[in-house]
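Okay, here's what each chain looks like letter by letter:
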Amino acid sequence: MFGRSTVAALATLAVVGLAACAPEDQPVGAPTPSSADACSKDKLALKTAGTFSVGTDKPAYEPWFSGDDPTNGKGYESAVTYAVAKKLGFQPAEVKWQTVQFNAAFAPGPKKFDLDVNQVSISEDRRKAVDFSTGYYDVRQSVITTAGSKIANAKSIADLAGAKLGAQVGTTSYTVLRDVIKTKQSPAVFDTNDLAVQALKNKQIDGIVVDLPTGFDMTAAQLDHGKIVGQLPAGGQAEQFGFVLQKGSALTPCLSQAVDALRADGTLAKLQQQWLTSEGAPELK
């Protein structure tokens, strides 16, 4: 994830380009995406025949979902999920949602879902426990605060050195805070972004590290006088969110094929323009 927030965002999107992320090697026995028949609806390796079982956490945060309701097709991740389902031959009524805690989605072990969508960043470490589809969103991390705070006018990563910053546990945002920003004070760690926002309101921390779309939502809808300090450099290989599947799932190559088709036909870019934003976030050098 990575950043996740609670209240409806007013954001509309100008997005970074979509970079393909090569899927991991196909599991033994997986269908070959080059064969259209292998990925036909009746051949898909599903938990329940005829049902597309999708997991996500609750609350389901803006702008990835809308109104804490994954089933309505609103919000970027909900919309992408239904677009993928359609590519694979499912009607909206055949998509069944279940609640799956963020960290549980990519923990080792069997899964009750066919796929999970919850701002989970693709990483080689996580690939040891689960499969990922190709990436459906290129991620930039950001730092947010409130107007008048000690970091409100920061222009560089160095300007953040003396700040007390926080992030949600288990997220790429926390990893970036720890390994890239490297503040002198130990990072504050929170179970949820809601708790991080409350800590910022209480002036227990100076700012929060979250993914950029979530940062826009937090500053617009959750914080009084919220402010995007800036977005962090992309660095090397682009961070991407991907759908999570059980390790070795035979569904993985077919799901990746559907995501790649949505990228190629412009659907992902169109949905990002509808639901997300990256305007008004200066680069922190």
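For the structure, see preceding data.
## So, the nonpolar core
Reasoning step 1: Core analysis: the largest hydrophobic core is formed by 36 residues, its most contacted members being Phe52, Tyr76, Val84, Leu88, Tyr136 and Phe243.
Reasoning step 2: Only β1 (52-56), α1 (76-87), β2 (95-99), β5 (137-139), α7 (252-264) and α8 (267-275) provide two or more residues apiece to this core.
Reasoning step 3: The leading source of residues in this core is α1, at 7 residues.

## Focus on the pairing of strand β9 (residues 207-211)
Reasoning step 1: Burial analysis of β9 places 5 of its 5 residues in the buried class, which makes it a mostly covered element.
Reasoning step 2: Summarising the sheet, strand β6 (residues 141-146) and β9 pair through 4 bridges and their orientation is antiparallel. Following the sheet pairing, Val143 is matched in β9 by Val209.
Reasoning step 3: As defined by bridge partners, strand β7 (residues 165-168) adjoins β9 across 2 bridges and the pair is classed as parallel. Within the sheet, the bridge partner assigned to Gly166 lies in β9 and is Ile208.

## Regarding the pattern of salt bridges
Reasoning step 1: Applying the stated criterion across every chain yields a total of 8 salt bridges.
Reasoning step 2: Put simply, Asp125 and Lys128 hold a salt bridge, and the shortest N to O gap is 3.7 Å. There is no split in this pair, since Asp125 and Lys128 are both exposed.
Reasoning step 3: Measuring nitrogen to oxygen at the nearest pair gives 2.9 Å for the salt bridge that ties Arg263 to Asp260. One end of the pair, Arg263, and the other, Asp260, are both in helix α7, 3 residues apart, so they sit about a helical turn from each other.

What counts, and where the lines are drawn
Residues numbered from 1 in each chain as written. Predicted model: local features only at pLDDT ≥ 70, side-chain atom pairs only at ≥ 80, totals over all residues. Heavy atoms only, no water. Core = buried A, V, L, I, M, F, W, Y, C linked by side-chain atoms within 4.5 Å. Buried < 20%, exposed > 50% of the residue type's maximum accessible area, 1.4 Å probe, protein only. Helix = DSSP H or I, 4+ residues; strand = E, 2+ residues; numbered from the N terminus. Pairing = 2+ DSSP bridges. Salt bridge = Lys/Arg side-chain N within 4 Å of Asp/Glu carboxyl O.

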